[in-house]
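Chains, contacts and geometry: an overview
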Amino acid sequence: MEYKNKITTKLFWSICGFCAALFIYNLAGRFTHSFLIAIIAATATLIWFAYKIYYLDNISIVLTDDNHLLIKRFAKVINAIDISKYNWSEYSKYSNTKNSEDQDIYYVDKVTGIEESIDATNFSSEDYEDILEKLGAKNIQEEPIKIVTTKK
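Below, the structure is looked at part by part. Every chain begins its residue count from 1, and numbering advances along the sequence as written. Owing to the predicted nature of the model, reporting of local features is limited to residues with pLDDT of at least 70; listing and counting of side-chain atom pairs is limited to 80 or more, with chain, interface and lining totals taken over all residues. Side-chain figures throughout are based on the complete set of non-hydrogen atoms in the structure, without hydrogens or water.

**Here we look at the packing of aromatic side chains**
Each Phe, Tyr or Trp ring, with Trp reduced to its six-membered ring, pairs with another whose centre is within 6.5 Å; inter-plane angles below 30 degrees give stacked pairs, above 60 give edge-to-face pairs, and intermediate values give tilted ones. Taken as a whole and judged by the stated rule, the model has 8 aromatic pairs. Centroid distance Phe12 to Trp13: 5.2 Å. Interplanar angle 70 degrees. Geometry classified as edge-to-face. Each residue gets one of three labels from its accessible area relative to the maximum for its type: buried under 20%, exposed over 50%, partly exposed in between, using a 1.4 Å probe on protein chains only. Judged by its relative accessible area of 48%, Phe12 falls in the partly exposed class. Summarising the aromatic geometry, the rings of Tyr55 and Phe74 are spaced 6.1 Å apart at their centres and angled 35 degrees between planes, so their arrangement reads as tilted. With Tyr55 in helix H2 (residues 35–56) and Phe74 in the loop between strand S3 (68–73) and strand S4 (76–82), this pair connects stretches of sequence that are 19 residues apart. With a relative accessible area of 36%, Tyr55 lands in the partly exposed category. Classification of Phe74 as exposed rests on a relative accessible area of 55%. In textbook terms, an aromatic cluster arises when at least three aromatic residues are bridged by ring pairs, as seen for Tyr51, Tyr55 and Phe74. The ring of Tyr55 carries Arg73 above its face, with NZ or CZ at 4.6 Å from the centroid. A helix here means a DSSP run of H or I that spans at least four residues, while a strand means a run of E at least two residues long, and both kinds are numbered starting from the N terminus. Consider the ring centre and the ring normal. A charge sits over the ring if Lys NZ or Arg CZ is within 6 Å of that centre and within 35 degrees of that normal.

Laid out in structure tokens, this is it:
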């Protein structure tokens, strides 16, 4: 099954990018008193947001029947991952907390222990949850690990 970005999310982040560029324009204009520097700063902000939204985050995720996860950008496979070689999680191995808006998929190599992540911010929350369940990152049946601590 192929999971694709949602256009509404892209539009939301585009509006956020426009607001950020307007803020940078006003801020740079007040501090430098130069129209040219304010325009350059605002334009750089808009270009960065457009690059992030419409290129870097413009991916689709395909889960194949042969136990692979394919990450595609503009219908071209940019990364193919063997699902069985990694431990999957919605949490980083370096943190036990998660921001409620954070939609990253973390995977840790079973051999080397190297962690990488997939930014799924532009996906709907239903697609994100479905991907995590299919990868085995949401094991509701497992008991939480309790750590015994001693107080001094």
